[in-house]
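# Close look at the chain arrangement
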Amino acid sequence: MKSSEKLKMALTVAAAALLLLVIVIYVVRDTGKNSSTDNISVEYMSGDPENVAEAGTNSDSDPADTSTAATTDSVTRTSSESASTLVSSNGTIYKDSISGNSFYPDETAVLKNIYKNVSFDVERQLSELASYFEQGNDAAVVDLVSLDRYEAMSYSLTGTSNYYYYGETNSDGLPNGKGLAVYGENQYYYGEWVDGVRSGAGGWYQFYPDYDTYVVSRHQYVGQWASDLPNGQGQEHYDYNVNYMDESSFYIQNVIGNFVDGYYDGEIYLISIGADENTKEWYGNLVKGKFVVYGDPDVEGRYPVLQARLNESDYFWMVQAKLENNRINNIIYNGSMVVVK
């Protein structure tokens, strides 16, 4: 055989081997891809059939047949860290999933009795503060509410649902239009009122005193109101003192969505923040405070309730006892205006 023919045959064999290698790699990759995505059906949401239908379950599935809708295998937790490696029964790994118990349990602000001898002028102080709210001067608002005379004003209402008010009123003297109110526990509301009830667009704010060692430094909701509570579209927000945060807790930074009587209701977009100050985005779905879960629980009874925006295979898992009553906590409502003489 001539040398040119030998070279031609070698090149043909090499080309065939290369083509075979490409085919093998493609098949392996395609098989691996299918096995990893079949583990969790992100369109499956369990729970009461009527609630599932209201929450917008995929129209291709029968919401009444939840017994056969689940395709999720039980999940084993392999780490006690907040950010864990979760492994399903078929071996699929979810490195960034979080096995938590619940959201961080926020507590109300507590003012010490050091203010009981501090004098304050309700009308003057609220008039001063209302002007900064109107201007959108957040820094000035924070500075004022941190002063002793403002905290003393709020402290005087401790243990009640009543409030001092400055703003527009109706013929009966009740808040009507736009106005500012201060409640106990360092809570303020600035926005619209109808016949003495918070209704329309407005913001609720709870400021935690500087001497407090609690992890939350500020908690607020800005959006629509009715019946004295958040109702409609809005945003809940938290500020934290990073020095008091721990790595094992799940802290909410923002929740954007719809609210019914203060409860999360419908689809929500949530941003969490950790002790390292890194944030993560999530999607979820609730029916008046009750999570519509994405699948079956893991072996410790935690359900996937939030799905990571950037990775549909990552979830935040929550114990069953915490699936309900998820709302904006601590808002004082159904109070009466205190007339200052």
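Quick note: structure is the one above.
Right, let's walk through the structure included here. If you're wondering where the values come from, they're calculated on a predicted model, not measured in any experiment.

Calculation notes
- Residues numbered from 1 in each chain as written.
- Predicted model: local features only at pLDDT ≥ 70, side-chain atom pairs only at ≥ 80, totals over all residues.
- Heavy atoms only, no water.
- 1 Å grid on protein atoms, 1.4 Å probe; cavity = no way out; pocket = protein on both sides within 12 Å on 5 of 7 lines; lining within 4 Å.
- Points joined across faces, edges and corners; volume = space filled by probe spheres on them.
- Nonpolar A, V, L, I, M, F, W, Y, C, P; charged D, E, K, R; others polar.
- Salt bridge = Lys/Arg side-chain N within 4 Å of Asp/Glu carboxyl O.
- Helix = DSSP H or I, 4+ residues; strand = E, 2+ residues; numbered from the N terminus.
- Buried < 20%, exposed > 50% of the residue type's maximum accessible area, 1.4 Å probe, protein only.
- Axes fitted to C-alpha atoms, helices over the stretch in contact; angles between N-to-C directions.
- Left-handed = near helix turned anticlockwise from the far one by under 90°.
- Contact = heavy atoms within 4.5 Å.

What follows covers the layout of surface pockets. In this structure, the second largest pocket spans a volume of roughly 280 Å³. F103, Y104, P105, N326 and N329 are, among the 16 residues lining the second largest pocket, the residues nearest its centre. Looking at the lining of the second largest pocket residue by residue, the classes come out as seven nonpolar, four polar and five charged.

Scanning all chains against the criterion turns up six salt bridges. For D138, the salt bridge goes to R218, with nearest N and O atoms at 2.6 Å. Here D138 is found in helix 4 (residues 138–145), whereas its partner R218 is found in strand 9 (residues 216–226), with 80 residues between them in sequence. Look at D138 and you get partly exposed, because its relative accessible area is 37%. A salt bridge links R198 to D228; its shortest N-O distance comes to 2.9 Å. Of this pair, R198 sits in strand 8 (residues 197–207) while D228 sits in the loop between strand 9 and strand 10 (229–240); the two residues are 30 residues apart in sequence, bridging distant segments of the chain. Considered together, R198 and D228 belong to a single accessibility category, that of buried residues.

Of note, D195 is a non-glycine position whose phi angle comes to about 50 degrees, a positive value. Within the secondary structure, D195 is located in the loop between strand 7 (187–194) and strand 8. With phi around 80 degrees, N330 is a residue other than glycine that occupies positive phi space. Looking at the element boundaries, N330 is found in the segment after strand 16 (315–319).

Moving on: empty space enclosed by the protein. Applying the stated rule across the entire model yields two cavities of 30 Å³ or more. A volume near 40 Å³ is recorded for the second largest cavity. Looking at the second largest cavity, the residues that line it are F103, Y104, D106, V216, Y238, Y240, F250, Y251 and I252. For the lining of the second largest cavity, the residue count by class is eight nonpolar, no polar and one charged.

One can describe the packing of helix 3 (residues 122–135) onto helix 5 (residues 148–155) by two numbers: an axis separation of 11 Å at closest approach and a directional angle of 115 degrees. The hand of the helix 3/helix 5 crossing is left-handed. When helix 3 is examined against helix 5, the residues V122, Q125, L126, E128 and L129 are found in contact with a partner set consisting of R149, Y150 and M153. Split into classes, the residues belonging to the contact of helix 3 with helix 5 amount to five nonpolar, one polar and two charged.

It is worth spelling out helix 5 at this point. Among all positions in helix 5, only Y150, E151, A152, M153 and S154 are buried. In this structure, the buried residues of helix 5 make contact with helix 3, helix 4, strand 5 (164–169), strand 6 (175–183) and strand 7.

Don't take any of this as a statement about function, it's just geometry.
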